[in-house]
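# Examination of the molecular architecture
These are the residues of each chain, in order.
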Amino acid sequence: MAAMGKRTLKRSSLAEHWFPALGTVAAIFGYIFLVLPSLIVIPMSFGAGSELVFPPRSYSLELYRQYFQESTWMAVTGQSVKVGLATMAASLVLGFSAAYGISRTDFRGKGLLTVFLLSPMFMPHIAMALAMYLYLSRLGLVGTTYGLVAAHTLVTVPFVIVTAFAGLRYVDRNLELAAATMGAGRLRIIWKVVLPLIVPSIVVASLFAFLLSFDEVVISYFISSVQSETLPVKMYSSIHWEISPVLAAISSLLTVLSFGACVAMSLLQRNDQ
Amino acid sequence: MIAFIVPLAVFFAAFFVLPLALVVLASLFDPVLTGSNYQEVFTSALYLRVLRSTLEISGLSTIVTLLIAYPVAYHLYKQPPRQRTLLMTLVLLPFWTSILVKSFAFTVLLGQDGIINNIARALFGPDTALKLLFNRPGVIVGMAHYLLPFMIFAILTSLLAQNRDLRRAAEVMGAGRLKIFRSITLPLSMPGIIAGCLICLVLSLGMFVTPALLGGPKDMMLANLVEMHVRQTLDWGLAAALAVLLVIMTGALSAIISHVRGGGLGSHG
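Residues numbered from 1 in each chain as written. Chains lettered and ligands numbered in written order. Predicted model: local features only at pLDDT ≥ 70, side-chain atom pairs only at ≥ 80, totals over all residues.

## Examining the overall build of chain A
Counted only if it meets this: A run of H or I in DSSP becomes a helix once it reaches four residues, and a run of E becomes a strand once it reaches two; helices and strands are each numbered from the N terminus. Our radius of gyration looks at C-alpha atoms and nothing else; its globule reference is 2.2 Å times the residue count to the power 0.38. Here a residue counts as buried when 20 or more other C-beta atoms fall within 10 Å of its C-beta, as exposed when 12 or fewer do, and as partly exposed in between; the C-beta atoms come from the backbone.
Counting its secondary structure elements, chain A contains 12 helices and 0 strands. Taken against the 2.2 N^0.38 rule, which gives 19 Å for 273 residues, the C-alpha radius of gyration of chain A at 25 Å runs more than 25% over that of a compact globule. The principal-axis extent of the C-alpha atoms belonging to chain A is close to 80 × 65 × 35 Å. Every one of the 273 residues in chain A was classed for burial, and the buried ones make up 41%.

## As for the overall build of chain B
Just so we agree on the cut-off: Throughout, a residue-residue contact means that the two C-beta atoms, derived from backbone geometry, are no farther apart than 7 Å.
When helices and strands are counted, chain B shows 13 helices and 0 strands. What you see in chain B, going N to C, is helices and strands ordered as α-α-α-α-α-α-α-α-α-α-α-α-α. A principal-axis box enclosing the C-alpha atoms of chain B has dimensions of 70 × 70 × 35 Å. Looking at chain B as a whole, 48% of its 269 residues are labelled buried. Considering only contacts within chain B whose residues lie at least 6 apart along the sequence, 78% involve residues at least 24 apart.

## Some thoughts on the nonpolar core
For clarity, the threshold we go by: Only buried Ala, Val, Leu, Ile, Met, Phe, Trp, Tyr and Cys residues enter a nonpolar core, and they are joined through C-beta atoms within 7 Å.
If you look at the biggest cluster of nonpolar residues, it comprises 159 residues, and the most contacted ones within it are A:Leu130, A:Met132, B:Leu242 and B:Ala243. Of the residues forming this core, the biggest block, 15 residues, is contributed by helix α7 (residues 136-160) of chain B. When neighbours within four sequence positions are excluded, A:Leu130 is seen to be in contact with A:Phe222, B:Val23, B:Val226, B:Val230, B:Ala239, B:Ala240 and B:Ala243.

## Structural notes on the interface of chain A and chain B
Accessible area lost upon the coming together of the parts serves often as the stated size of an interface. The criterion, for reference: Polar here means any residue outside two lists: the nonpolar Ala, Val, Leu, Ile, Met, Phe, Trp, Tyr, Cys and Pro, and the charged Asp, Glu, Lys and Arg; Gly therefore counts as polar.
Listed per partner, the contact involves 72 residues of chain A and 74 residues of chain B. The element best represented in the side of chain A that touches chain B is helix α1 (residues 2-45) of chain A, accounting for 18 residues. Of the residues contributing to the side of chain A that touches chain B, the split by class is 55 nonpolar, 13 polar and 4 charged.

## Some words on the packing of helix α5 (residues 125-139) of chain A against helix α1 (residues 2-29) of chain B
To keep things clear, this is the line we draw: Working convention: axes come from line fits to C-alpha atoms, limited for helices to the stretch in contact. Angles between N-to-C directions cover 0 to 180 degrees. Orientation labels follow simple angle bins: below 35 degrees gives roughly parallel, above 145 gives roughly antiparallel, 65 to 115 gives roughly perpendicular, and whatever is left gives oblique.
Look at α5(A) against α1(B): their axes get within 8 Å of each other, and the N-to-C directions meet at 95°. With respect to their mutual orientation, α5(A) and α1(B) come out roughly perpendicular. Across the interface between the two elements, A:Leu130, A:Ala131, A:Met132, A:Leu134 and A:Tyr135 of α5(A) pack against B:Leu18, B:Pro19, B:Leu20, B:Leu22, B:Val23 and B:Ala26 of α1(B). Here the residues of the contact of α5(A) with α1(B) are counted per class, giving 11 nonpolar, no polar and no charged.

## What about helix α9 (residues 199-215) of chain A?
Which entries qualify depends on this criterion: Given a helix with a known number of residues, its expected span is that number minus one, times 1.5 Å.
Here α9(A) contains 17 residues, and its C-alpha end-to-end distance of 24 Å stays within 8% of the 24 Å for a straight helix at 1.5 Å per residue. Every buried residue of α9(A) is accounted for by A:Ser201, A:Val204, A:Ala205, A:Phe208, A:Ala209, A:Phe210, A:Leu211, A:Leu212, A:Ser213, A:Phe214 and A:Asp215.

## Section: the packing of helix α6 (residues 145-169) of chain A against α9(A)
Two numbers describe a pair of packed helices, the interaxial angle and the distance between the axes. Residues and elements named next belong to chain A. Selection rule: With the far helix as reference, a near helix turned anticlockwise by less than a right angle produces a left-handed crossing, and one turned clockwise produces a right-handed crossing.
Where α6 meets α9, the closest approach of the two axes is 9 Å, and the angle between their N-to-C directions is 160°. Put simply, α6 runs roughly antiparallel to α9. In this structure, α6 crosses over α9, and the sense of that crossing is right-handed. Residues His152, Val155, Thr156, Phe159, Val160, Thr163, Ala164, Ala166 and Gly167 of α6 pack against Pro200, Ser201, Val204, Ala205, Phe208, Ala209, Leu212 and Ser213 of α9. Here the contact of α6 with α9 is composed, by residue class, of 11 nonpolar, 6 polar and no charged.

## Here's the deal with unusual backbone geometry
Residues and elements named next belong to chain B. Despite not being glycine, phenylalanine 134 has its phi angle at roughly 60°, a positive value. Although it is not a glycine, leucine 234 adopts a positive phi angle of roughly 55°. On the secondary structure map, leucine 234 appears in the loop between α12 (222-231) and α13 (236-260).

## A short note on the confidence of the model for chain A
Stated precisely, the cut-off is as follows: For every residue, the predictor states its confidence as a pLDDT score lying anywhere from 0 to 100.
Across chain A, the average pLDDT comes to 90, with 93% of residues at or above 70. Low pLDDT (under 50) marks residues 1-6 of chain A, which in the prediction has 0 contacts with non-local residues, meaning those over four places away or in another chain.

## Quick word on the environment of A:Asp215
Residues and elements named next belong to chain A. Within the element layout of this structure, aspartate 215 appears in helix α9. Given 24 C-beta atoms within a 10 Å radius, aspartate 215 is considered buried. A C-alpha to C-alpha distance of 8.2 Å links aspartate 215 and leucine 231, two positions 16 residues apart in sequence.

## What to know about the confidence of the model for chain B
All names here are of chain B. In the predicted model, chain B carries a mean pLDDT of 91, and 96% of its residues have values of at least 70. Across residues 262-269 the pLDDT falls below 50, and counting only partners more than four positions away or on other chains, this stretch makes 23 contacts in the model. The complex prediction reports pTM at 0.91, with the ipTM value standing at 0.92.

## Quick word on the environment of A:Ile190
Residue and element names in this part refer to chain A. Positionally, isoleucine 190 belongs in helix α8 (residues 186-197). When the 17 C-beta atoms within 10 Å are taken as the criterion, isoleucine 190 is described as partly exposed. Separated by 76 residues in the primary sequence, isoleucine 190 and serine 266 have C-alpha atoms spaced 27 Å apart.

## What to know about the environment of A:Leu63
All names here are of chain A. With respect to the helices and strands, the residue leucine 63 is situated in helix α2 (residues 62-69). Through-space distance from the C-alpha of leucine 63 to that of phenylalanine 46 is 6.9 Å; in sequence the pair is 17 residues apart. Sequence-distant contacts of leucine 63, defined by excluding residues within four places in its chain, comprise Ser45, Gly47, Pro245, Val246, Ala248 and Ala249.

As structure tokens, then:
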């Protein structure tokens, strides 16, 4: 009995001894896995020649030159920026005004309405893609930029609303009341009191909306045409049919963009607290 | 005040409710008024096989994600706030990275001449060829990578919400770190694990890009079948029935999630 007790004690203390180290090793493995794709595309993008090998045999800016000189890649990039900015504007206006309206009133079914307005977040993009495709083809809007902006706005608006709620929660309502007693109208109160106080959430929401639209692929794949194709759609077909090395350059540029977004977000959130 | 909500409500009526109504109508009436689309979905061997692989891939990638995510979340939880913020960048970067960049990177990493295979050849001889792409392992790796940040956020939130006095009490009474982990930290983080797994299931059930780019013909998921019907066989009624099925599945899971914790989630796959 005594010997067995001693052995289990020893084994458990051995496990105790190794547990922190094993945990750290597993975590490091996790971190490496997380950043591996981003780390791989950057050296690849400086490779020369037409084959994708890692590490590249020689280095050059050839793939970047290909990307910037190819008019079709430039066209789809321009289209993505255009759709992203329009989506950002539409979802900011619609999302912030709705969030303001909801947070400053009480009515029956308020909770239900909020759930409804956030529900596109939970919906598989493939279902929205099919819905938009069936709907826009009846309206004759398949392949148009309007259709893309409408669909992307539906995707981004819930995220804008969530961000707006978070920002509006910290606006002291007594300030609004004070402005109202001094005779300011509703729009003037919003413009002079509320908006200046929620600038950080507006910036976060704009970034969110733009990036979500800029990266959206499934819905755009269904409802865009050759003329209105966005960057992710062209990347999708390019990976699907033939993996072109120029994708390495594009992926690196997008990784830098994502990194910028990360840094901006964490700085803004720190300022928010 | 209601006037502020009206524009978005009108937008939702026009671009959310009506389109979804069209899908439901198409699933029931296209080509004729019958339940034949649904009947076919639940009886045809192809659909049942795709439904099964959808559930298998979603379940397996959620488990793999959990196994990789937990040590990372636990490590982040142990760090002082400054280091945690820095290390969080490693989680946030993939979160903000386009799924196409990731898919491209994985085709390069996992391919026949990819980095993994080159390392394997260096270690085990030149005849080694691991088949990691256009099959189940490829899809699972790609999906797990997409899901990881969501799982890590969910678990980290529940770890950080724990009362630290419990740990300190256990320490004072002489419990080692493993003992504390097993009897305090892990059980108390179960809500985070459950929420994280449910979120990952919702996100993976509707996955389209990863199975299309990293999987083979046997790894087709419901979303890929919807696309096939819309763009190749032009059978909108069946595509609609599949989409309705998918929305019901993810909707039910989402309802459980918001019941478990009142948080939101994002999806852009």
